[in-house]
Amino acid sequence: MRIRTQATRPYEDQRPGTSGLRKKVRVFQQPHYLENFVQSIFDCLDGLAGATLVLGGDGRYYNDQALQTILKMAAANGVGRVLVGRNGLLSTPAASCIIRKHGAFGGILLTASHNPAGPDGDFGVKYNVGNGGPAPESLTERIYARSRELRAYRILEVEDVALDRLGCFRLGAMTVEVIDPVADYAELMESLFDFDRIHALLADGFRIRFDAMHAVTGPYARELLVHRLGAPEESVVHATPLPDFGGGHPDPNLTYARPLVESLWREDAPDFGAASDGDGDRNMILGRGFFVTPSDSLALLAAHATCAPGYRDGLAGIARSMPTSRAADRVAERLGIPCYETPTGWKYFGNLLDAGRITLCGEESFGTGSNHIREKDGLWAVLFWLNLLAVARQPVAEVVKAHWRAYGRHYYTRHDYEGLDPEAAHRLIETLRAQLGKLPGRSGQGLRVLQAEDFRYEDPVDHSVSEHQGIRILFEPEARLVFRLSGTGTAGATLRVYVERFEPDPAQQDQDTQQALAPLIRLADEIAGIQRLTGRARPDVIT
Ligand code: G1P
Ligand code: ZN
């Protein structure tokens, strides 16, 4: 076995986005493309020699091949040991859990999350650090800088290795340990939630349906919901991970998880429905004929947290991404704990979690999590909800409506305009930014602008500053519009418009969301000139 030093030339486009480097599979298949990026990661990690790394992915197309390359490069770069999920599978939350539990130096996660998979789909590589969370921006920027000057990478010349059986073997001087992708994670879940109580709920005939969308959560859901909690086998659907995710788009929302949504609106609907995304970190929660917005979900979990054994002692604080609705803020206020507002992206929660300032955190984009790991966690949210319902013994809709009565309802929606001409999208944001100073005081659709700004975040722990994190406009009576461009898309630009209005009056809390927000939606177009600048009359996806 020989270590080859392979000459290469830098690619200019390897800047990690909101969540790692995400590109079309075909981009990753260019000669040396993956290798360059992986070498750039290794070159930026002080202390990698002899260290333990965790490796795995969501099972999408190119996962297998990339795993082999990364293992050979890890061996050639002096890594001591790699823990790899059997068949190369690890959900993102499980990878985070394993990094923490085994005290690994870090981990490489192969995923493009909810983006479609297959030869024409997307692929991604993400580096997580020793706390189990995504690399901070300072590190991803260094990796990017390194990728632009890279001239060579190192790789072990060896045949591909089999990863379908548990156990250890050597690859050059490095140890490869093939581990059960589910075991550590399932154990952690059992330590947080009242499995006996959930088991009793299910035994009493409470019916659930979990849609794994042919992505990575199938094996996790089967183990937890069926084997450990006793749900009938058919409660978990689309449970076999497929390289093309069955041709679907494993994003658990009202648009892409349509079959699940429809099954919850039928006569014979189960009591509870949930789905997760490609790599298992997102979640969607449904009741019978009822959709729980992710923003409300965070607020409800916070309000009911002490019903779960892992959170019995209460919460230190809550954090939400800036575009997420302010429902959680109201719970925090009542609990007398802080609520932090961070930029979009899970990485911004890491410092707050590490410093013990928060226990729960979440994003409107179907992400919820806690201090148990350093990623958002789809099945964790599902189990938390089941624990809550096992205690409340009321339908999902009733639990949520009671919450609205107690705290007020935040009507909330997100409109996505996908595949825009990047130039037009940037012009829209620039134009908005240029008029921010003139907006306060202006009125329209019965609302008055109180404040308009380009969101800037100073991390309260390390005081690092992130600029231009979204345009935010606050209105009176309490309402809000947020505009930002996606940092995870791979084709054109995506404009996200976040719309929120607070309704304290219980008599007004039962309206249709889009109708309740219609004036604000019109205002968003008036202010930002969406139709004028993008040529689009309506969004592609509404969540
Ligand atoms: C999107 C979501 C964001 C989430 C990220 C990774 O990023 O909006 O909340 O953290 O995916 O799952 P965006 O495409 O908006 O940059
Ligand atoms: Zn994901």
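Structure's up top.
Calculation notes
- Residues numbered from 1 in each chain as written.
- Chains lettered and ligands numbered in written order.
- Predicted model: local features only at pLDDT ≥ 70, side-chain atom pairs only at ≥ 80, totals over all residues.
- Heavy atoms only, no water.
- Helix = DSSP H or I, 4+ residues; strand = E, 2+ residues; numbered from the N terminus.
- Buried < 20%, exposed > 50% of the residue type's maximum accessible area, 1.4 Å probe, protein only.
- Contact = heavy atoms within 4.5 Å.
- Core = buried A, V, L, I, M, F, W, Y, C linked by side-chain atoms within 4.5 Å.
- Donors = N, O, S within 2.8 Å, 3.2 Å for Na, K, Ca; no water.
- Tetrahedral: all angles 85-135°; square planar, octahedral: opposite > 155°, others 65-115°.
- Polar contact = N/O pair within 3.5 Å; in protein donor to acceptor, adjacent residues only side chain to side chain.
- Pairing = 2+ DSSP bridges.
- Axes fitted to C-alpha atoms, helices over the stretch in contact; angles between N-to-C directions.
- Phe/Tyr/Trp six-rings, centres within 6.5 Å; stacked < 30°, edge-to-face > 60°.

A separate point is the overall build of the protein chain. The helix and strand tally for the protein chain stands at 18 helices and 27 strands. C-alpha extents for the protein chain along the principal axes are approximately 75 × 60 × 40 Å. Residues classed as buried in the protein chain amount to 60% of the 543 residues present. The contacts in the protein chain between residues at least 6 apart in sequence include a share of 72% that link residues at least 24 apart.

What follows covers the nonpolar core. Core analysis: the biggest nonpolar cluster contains 74 residues, and Phe193, Phe272, Tyr311, Trp380 and Trp385 have the highest contact counts within it. With 11 residues, the top contributor of residues to this core is helix H13 (residues 378-392). Those residues in contact with Trp380, other than ones at most four positions away along the chain, are Tyr185, Met189, Leu192, Phe193, Leu301, Tyr311, Leu360, Thr368, Gly369, Ser370 and His372. Grouped together as the second largest cluster of nonpolar side chains are 43 residues, Phe42, Tyr62, Ala135 and Met174 included.

With distances of 2.0 to 2.1 Å, the protein atoms coordinating the zinc ion (ligand 2) are Ser113 (OG), Asp277 (OD), Asp279 (OD) and Asp281 (OD). Taken together, the four donor atoms surrounding the zinc ion (ligand 2) define angles of 86 to 163° at the centre, an arrangement classified as irregular. Mapped onto the sequence, the donors of the zinc ion (ligand 2) take the spacing S-x163-D-x1-D-x1-D. Note that Ser113 is positioned in the loop between strand S5 (106-110) and strand S6 (122-129) and Asp277 in the loop between strand S12 (272-276) and strand S13 (283-287), a separation of 164 residues in sequence. Residue classification places Ser113 among the buried positions, given a relative accessible area of 5%.

Let's shift gears to the side chain of Thr111. Mapped onto the fold, Thr111 is located in the loop between S5 and S6. Polar contacts involving the side chain of Thr111 include one to the side chain of Asp58, which spans 2.7 Å. From its side chain, Thr111 meets the backbone nitrogen of Ser113 in a polar contact 2.6 Å long. Among all residues touching Thr111, those that are not within four sequence positions of it are Arg22, Asp58, Arg60, Thr92, Phe123, Gly124, Val125 and Asp279.

With that settled, consider the environment of His415. By the secondary structure assignment, His415 is in strand S19 (residues 409-420). For the pair formed by His415 and Val499, sequence separation is 84 residues and the distance between their alpha carbons is 8.0 Å.

Another aspect to go through is the sheet that holds strand S15 (residues 318-321). Overall, mixed pairing links the four strands, which are arranged S16-S15-S17-S18 in an open sheet. Only two strands of the sheet have a single neighbouring strand rather than two, namely strand S16 (339-342) and strand S18 (367-370). Strand-to-strand, the axes of this sheet are offset by a mean angle of 15°, without reference to chain direction. Of the strand pairs in this sheet, S15 and S16 are connected by four bridges, and their pairing is parallel. Within S16, the residue paired with Arg320 across the bridge is Glu341. Contacts between helix H10 (residues 294-303) and the sheet are confined to S15, strand S17 (360-363) and S18, with S17 contributing the most and set at about 170° to the helix.

For the bond from Glu476 to Pro477, the omega torsion is -5°, close enough to zero to count as cis. With respect to the helices, strands and loops of the structure, Pro477 is situated in the loop between strand S24 (471-476) and strand S25 (479-485). Even without being glycine, Asn87 reaches a positive phi, approximately 60°. Tracing the chain through its elements places Asn87 in strand S4 (residues 81-89). The exposure class assigned to Asn87 is partly exposed, which follows from its relative accessible area of 44%.

So, about the pairing of S5. Of all five residues in S5, five are buried; the element is thus mostly enclosed. Relative to S5, strand S3 (residues 52-57) runs parallel, the two sharing five bridges. The residue of S5 that forms the bridge with Gly56 is Leu109. Bridge count between S5 and S6: five bridges; the pairing is antiparallel.

Time to look at the sheet that holds S5. With mixed pairing, seven strands are arranged side by side in an open sheet as S2-S6-S5-S3-S4-S9-S8. Among the strands making up the open sheet, the edge pair consists of strand S2 (21-24) and strand S8 (167-171). Neighbouring strand axes in the sheet, compared pairwise and without regard to direction, differ in orientation by 20° on average. Of the strand pairs in this sheet, S8 and strand S9 (residues 174-179) are connected by five bridges, and their pairing is antiparallel. When the bridges of S9 are listed, Arg170 appears paired with Thr175. Strand contacts of helix H2 (residues 33-43): S2, S3, S5 and S6, with the helix running at about 10° to S6, the strand carrying the most contacts. Sitting on the sheet, helix H3 (residues 63-76) touches S3, S4, S5, S6, S8 and S9, and the angle it makes with S4 is about 170°.

With that settled, the discussion passes to the packing of aromatic side chains. Considering all chains together, one arrives at 15 aromatic pairs under this definition. With a centroid separation of 5.2 Å and 80° between ring planes, the pair formed by Phe28 and Phe123 is classed as edge-to-face. Of this pair, Phe28 sits in helix H1 (residues 25-28) while Phe123 is found in strand S6, placing the two residues 95 residues apart along the sequence. With respect to class, Phe28 is no different from Phe123; both count as buried. Both rings, one in Trp380 and one in Phe384, keep their centres 5.2 Å apart while their planes meet at 85°; by these two values the pair is edge-to-face. Taken as a pair, Trp380 and Phe384 lie in helix H13 at a separation of four residues, close to a single helical turn. Residue classification places Trp380 among the buried residues on the basis of a relative accessible area of 0%. Counting every residue linked through ring pairs, the aromatic cluster contains Tyr11, Phe28, Tyr33, Tyr62 and Phe123.

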